[in-house]
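Structural characterization, general
Each chain, written out:
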Amino acid sequence: MTAFLISNTTFIFRVLTTVLISVLAAGWGGALHAKKIYVSQCGIVYLNSGETVVADDTLNLRLPKKKEKPAIIARPYTAENRIVRRLEPAAIDSIVAWSRTAPERTHTFVYLDGRGWCHQAERADGVAVLLYGSKGYRCSGNGGLWFYGKGDMIVVKDGVAFSFGQPHKKFDKKKRARLAALFNGDPARLEYIRRAEGRCDKVLRGLCSISD
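Calculation criteria
Residues numbered from 1 in each chain as written. Predicted model: local features only at pLDDT ≥ 70, side-chain atom pairs only at ≥ 80, totals over all residues. Heavy atoms only, no water. Helix = DSSP H or I, 4+ residues; strand = E, 2+ residues; numbered from the N terminus. Buried < 20%, exposed > 50% of the residue type's maximum accessible area, 1.4 Å probe, protein only. Contact = heavy atoms within 4.5 Å. Areas by Shrake-Rupley, 256 points an atom, 1.4 Å probe, with all protein chains shown as cover. Polar contact = N/O pair within 3.5 Å; in protein donor to acceptor, adjacent residues only side chain to side chain. Axes fitted to C-alpha atoms, helices over the stretch in contact; angles between N-to-C directions. Parallel < 35°, antiparallel > 145°, perpendicular 65-115°, else oblique.

A word on the overall build of the chain
A tally of helices and strands in the chain yields four helices and 13 strands. Sorting the 212 residues of the chain into buried and exposed places 38% on the buried side. Considering only intrachain contacts with a sequence separation of at least 6, the fraction spanning at least 24 residues in the chain is 44%. Here the chain has roughly 12700 Å² of accessible surface; of this, 57% comes from carbon and sulfur atoms.

Observations regarding the side chain of Ser94
Mapped onto the secondary structure, Ser94 falls in strand 6 (residues 92-99). Ser94 sits in the buried class, given a relative accessible area of 10%. At 3.3 Å, the side chain of Ser94 forms a polar contact with the side chain of Asp93. Among residues more than four places away in sequence, those in contact with Ser94 are Ile44, Val45, Tyr46, Thr108, Phe109 and Val110.

Description of the packing of helix 2 (residues 173-182) against helix 3 (residues 187-195)
At a minimum axis distance of 10 Å, the contact between helix 2 and helix 3 shows a crossing angle of 180 degrees. It follows from the interaxial angle that helix 2 and helix 3 lie roughly antiparallel. Of the residues in helix 3, those in contact with Arg176, Leu179 and Ala180 of helix 2 are Leu190, Ile193, Arg194 and Arg195.

Re the side chain of Ser140
Within the secondary structure, Ser140 is located in the loop between strand 10 (137-139) and strand 11 (145-147). Judged by its relative accessible area of 8%, Ser140 falls in the buried class. With residues up to four places along the chain from it excluded, the contact list for Ser140 reads Ser99, Leu145 and Trp146.

Here we look at unusual backbone geometry
Of note in this structure, Arg75 is not a glycine but carries a positive phi near 50 degrees. When you line up the elements, Arg75 lands in the loop between strand 4 (71-74) and strand 5 (82-86). For Arg75, a relative accessible area of 46% corresponds to the partly exposed category. Backbone geometry at Tyr77 places phi at a positive 70 degrees, although glycine is not the residue there. Mapped onto the secondary structure, Tyr77 falls in the loop between strand 4 and strand 5.

Here it is in C-alpha cells:
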C-alpha cells in the first residue's frame, strides 16, 4: 500500500511538472515572438518639394542607415507601433532629428550619393563635413549622437566628396597633405591645416569655423 501511494504521488508530480513546463514554454514563446518595437527619434524631414514631415508626437522617425528609406512610425514606444510611411532618399533634402528628452540638441542628416545617409557634422559655404556610420545612428537621451559600425569622416567640397577615414584616428601627415591639396588657394584654411593637431574628426570640423 505504501509503495502504491509513493508511485501514485510520483506520477501526479510528473504530470504537474509537465503541465507547468508547457505553460512556461508557451509564455516564453509568446515573448520571443512579440511584435518588434522600432527604435525611433523625434524629427522633421525636409523634402525637395518644400513639404515637411513632422514626427515629434504621435509619430516618430526611424533614422535610416546606409541607403535605407527613412520610415515614419505611428504609436512609437508601444507594442502597437507600426510603419505608416516610407520616404525615398532622392526626394529628401535633409533630416533633422533629436531625442525626446533633449529637443534643444538637434542633428542633421543628408543623403550622399554612392554612400548613403550621413550625419552632417558641420557646414559652411561650399564645404560640409560629414560622418558616415556603416550601421546607423541614434540620438542619445542627453542629446548626443551615437553612430554604429565603422565610421568614416567625409569632406564635401564644391559637391565632391573625399574620405578621410575613421573619426578617432590621428590627423597625420598623409591626411594633412590631402586636405591641403583640396584647399589650395584658401590661405586661411591652409594655415589652419598646417597647424592643426589631434583627432581627425575635430580637425575636419574646424574647417567650417575658418573665415576667409
